Amino acid sequence: MAGLYHFGKRMTLPSSVQIKHDLRLLILAESIKDLEQQLVDLGASTVDTKSKKPAAELPQLF
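Not measured: the values here are computed from a predicted model.

Student: For this particular structure, what's the right way to read the overall build of the protein chain?
Tutor: When you go through the protein chain residue by residue, the secondary structure sums to one helix and two strands. Order of helices (α) and strands (β) in the protein chain, N terminus to C terminus: β-β-α. Total accessible area on the protein chain stands at roughly 6000 Å², and carbon and sulfur atoms take up 64% of it.

Below, the structure is given as structure tokens:
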């Protein structure tokens, strides 16, 4: 199927390569968020054991 009709107009569908690329980007974005959360949790646990100073804020990538 090369196209799709929407309200009488033909719409082109993205290629398989583009779909795979977009899915990879979404998966990597989720893994980055998970790693950032783990880093924050690790930083919070070391702050509790070593000193009472709050951990520095991490920059948000997305």
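Next comes the rest of the write-up.
Student: Please explain a nonpolar patch on the surface as it appears in this structure.
Tutor: A contiguous nonpolar surface patch, about 240 Å² in accessible area, is contributed by Leu4, Met11 and Leu13. Within the secondary structure layout, Met11 lies in strand 2 (residues 9-12).

Rules of the game
Residues numbered from 1 in each chain as written. Predicted model: local features only at pLDDT ≥ 70, side-chain atom pairs only at ≥ 80, totals over all residues. Heavy atoms only, no water. Helix = DSSP H or I, 4+ residues; strand = E, 2+ residues; numbered from the N terminus. Areas by Shrake-Rupley, 256 points an atom, 1.4 Å probe, with all protein chains shown as cover. Patch = residues over 30% accessible without salt bridge, like charges linked within 9 Å, V, L, I, M, F, W, Y side chains within 5 Å. Salt bridge = Lys/Arg side-chain N within 4 Å of Asp/Glu carboxyl O.

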